[in-house]
Amino acid sequence: MKNKVFLLIIFSLLACVLHAIMLYSPFNQYAFTSITKIVLFTSFPFIFTRFCKDLKFKDFFIFKGDRKNVKISLLLGLGVFAVIWIVFLFIRQFIEREMVIGALANNGITQSNFFLVFIYVVLINASLEELFFRGFIFETLYRRNMKILAHSYSSLLFAVYHVAILREALSLPMMIFCIAGLVAAGLIFNALVVKCKCITGALIVHISANLALNTIILYYLFT
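Computed from a prediction, not measured in an experiment: that's the story for all the values here.

1. Describing the overall build of the protein chain
So, step 1. Along the backbone of the protein chain there are 8 helices and 0 strands.
So, step 2. When its helices and strands are written in sequence order, the protein chain yields α-α-α-α-α-α-α-α.
So, step 3. Seen through its principal axes, the protein chain has C-alpha atoms that stretch 50 × 40 × 30 Å.
So, step 4. Here the protein chain holds 223 residues, and the buried ones make up 47% of them.
So, step 5. Looking at the protein chain as shown, the accessible area adds up to about 11700 Å², and 74% of this sits on carbon and sulfur atoms.
So, step 6. Positive and negative side-chain charges of the protein chain, numbering 20 and 9 respectively, have mean locations separated by a distance of 11 Å.

Have a look at this one:
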């Protein structure tokens, strides 16, 4: 059991580190890094199942669960969308537009390709992250009765993973604020997985959050 947990931590860390390295490399173009992320976030969980015979790759993305709580997740998603925009309206004076535009450009995101990026981030990226952080990491640990580790490790890695993405868009105080928010978001997503008995509820709220964040980026790019 300990060997499998250690292997899961190594695999998940390695996937995130390789993704971060790609963001800092000369190959940091959005389409290329997105394909790399898809490969990393699917291949490492798949390889893990080769070492953990009681798991199948399909176990990481179970969508059928408690319908009542899944429906509640829809309302929660609307609430999350509203809260993100309300918080943004209060803190936007502390966010430098040039930093945001520059960070987007450094990641290959411009006005010309933003709508494709928008669709990818809201739908594909959210699904990919739920598969990896909740389906692969959280549920694998949670099902083995390592509940504290499941909640803490998956939410912390989820937050730290985003540091490489946000590194040039935010000042240090805003970065700390965002990391704290991402840890909280990870814990909420985990709780939804437990409540819904599947990743669907977390995915709905994650999509809502990404939708809110990308409409904010839309605001910076086109106003």
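2. A closer look at unusual backbone geometry
So, step 1. Of note in the backbone geometry, asparagine 145 takes a positive phi value of approximately 65 degrees without being a glycine.
So, step 2. Positive phi is not limited to glycine here, since lysine 197 has a value of about 60 degrees.
So, step 3. Locating lysine 197 in the fold gives a position in the loop between α7 (172-196) and α8 (200-222).
So, step 4. The class of lysine 197 is exposed, set by a relative accessible area of 59%.

3. Considerations on the packing of helix α1 (residues 2-24) against helix α2 (residues 30-51)
So, step 1. Put simply, α1 and α2 touch, their axes get as near as 10 Å, and they point 170 degrees apart. The orientation of α1 relative to α2 falls into the category roughly antiparallel. Contacts from Lys4, Leu7, Leu8, Phe11, Leu14, Ala15, Cys16, Leu18, His19, Met22 and Leu23 in α1 reach Phe32, Thr33, Thr36, Lys37, Leu40, Phe41, Phe44, Ile47, Phe48 and Phe51 in α2.
So, step 2. Residue composition of the contact of α1 with α2, by class: 16 nonpolar, 3 polar and 2 charged.

4. Quick look at a nonpolar patch on the surface
So, step 1. A cluster of nonpolar residues, Leu14, Val17, Leu18 and Ile21, forms a patch on the protein surface that exposes about 310 Å² of accessible area.
So, step 2. Within the fold, valine 17 resides in helix α1.

5. Describing the nonpolar core
So, step 1. If you look at the biggest cluster of nonpolar residues, it comprises 54 residues, and the most contacted ones within it are Phe41, Phe48, Phe132, Phe133, Phe136 and Ile137.
So, step 2. Elements with a contribution of two residues or more to this core: α1, α2, α3 (67-91), α4 (97-106), α5 (114-143), α6 (147-166), α7 and α8.
So, step 3. Per-element tally for this core: the top contributor is α5, with 14 residues.
So, step 4. Apart from residues no more than four positions distant in its own chain, phenylalanine 132 is found in contact with Ser12, Ala15, Cys16, Phe41, Pro45 and Ile137.

6. Looking at the pattern of salt bridges
So, step 1. What the rule picks out here adds up to 5 salt bridges.
So, step 2. Of the charged contacts, one joins arginine 134 and glutamate 130 as a salt bridge, the two residues approaching to 2.7 Å between their closest N and O atoms. Of this pair, arginine 134 and glutamate 130 are both found in helix α5, 4 residues apart, which corresponds to roughly one turn of the helix. Take arginine 134 and glutamate 130: they sit in the same class, and that class is buried.
So, step 3. What emerges from the salt-bridge pattern is a single network uniting Lys4, Asp54 and Arg144.

7. Details of the environment of asparagine 69
So, step 1. Inspection of the secondary structure puts asparagine 69 in helix α3.
So, step 2. Taking the relative accessible area as the measure of exposure, asparagine 69 reaches 18% and is therefore buried.
So, step 3. Each C-alpha atom of the pair asparagine 69 and leucine 192 lies 8.1 Å from the other, and the pair is 123 residues apart in sequence.
So, step 4. When sequence neighbours within four positions are dropped, the list of residues in contact with asparagine 69 reads Lys195 and Cys196.
So, step 5. A polar side-chain atom of asparagine 69 sits 3.2 Å from the main-chain carbonyl oxygen of lysine 195.

Quick notes on the rules
Residues numbered from 1 in each chain as written. Predicted model: local features only at pLDDT ≥ 70, side-chain atom pairs only at ≥ 80, totals over all residues. Heavy atoms only, no water. Helix = DSSP H or I, 4+ residues; strand = E, 2+ residues; numbered from the N terminus. Buried < 20%, exposed > 50% of the residue type's maximum accessible area, 1.4 Å probe, protein only. Areas by Shrake-Rupley, 256 points an atom, 1.4 Å probe, with all protein chains shown as cover. Lys, Arg positive; Asp, Glu negative; His and termini not counted. Charge placed at Lys NZ, Arg CZ, Asp CG, Glu CD. Axes fitted to C-alpha atoms, helices over the stretch in contact; angles between N-to-C directions. Parallel < 35°, antiparallel > 145°, perpendicular 65-115°, else oblique. Contact = heavy atoms within 4.5 Å. Nonpolar A, V, L, I, M, F, W, Y, C, P; charged D, E, K, R; others polar. Patch = residues over 30% accessible without salt bridge, like charges linked within 9 Å, V, L, I, M, F, W, Y side chains within 5 Å. Salt bridge = Lys/Arg side-chain N within 4 Å of Asp/Glu carboxyl O. Core = buried A, V, L, I, M, F, W, Y, C linked by side-chain atoms within 4.5 Å. Polar contact = N/O pair within 3.5 Å; in protein donor to acceptor, adjacent residues only side chain to side chain.

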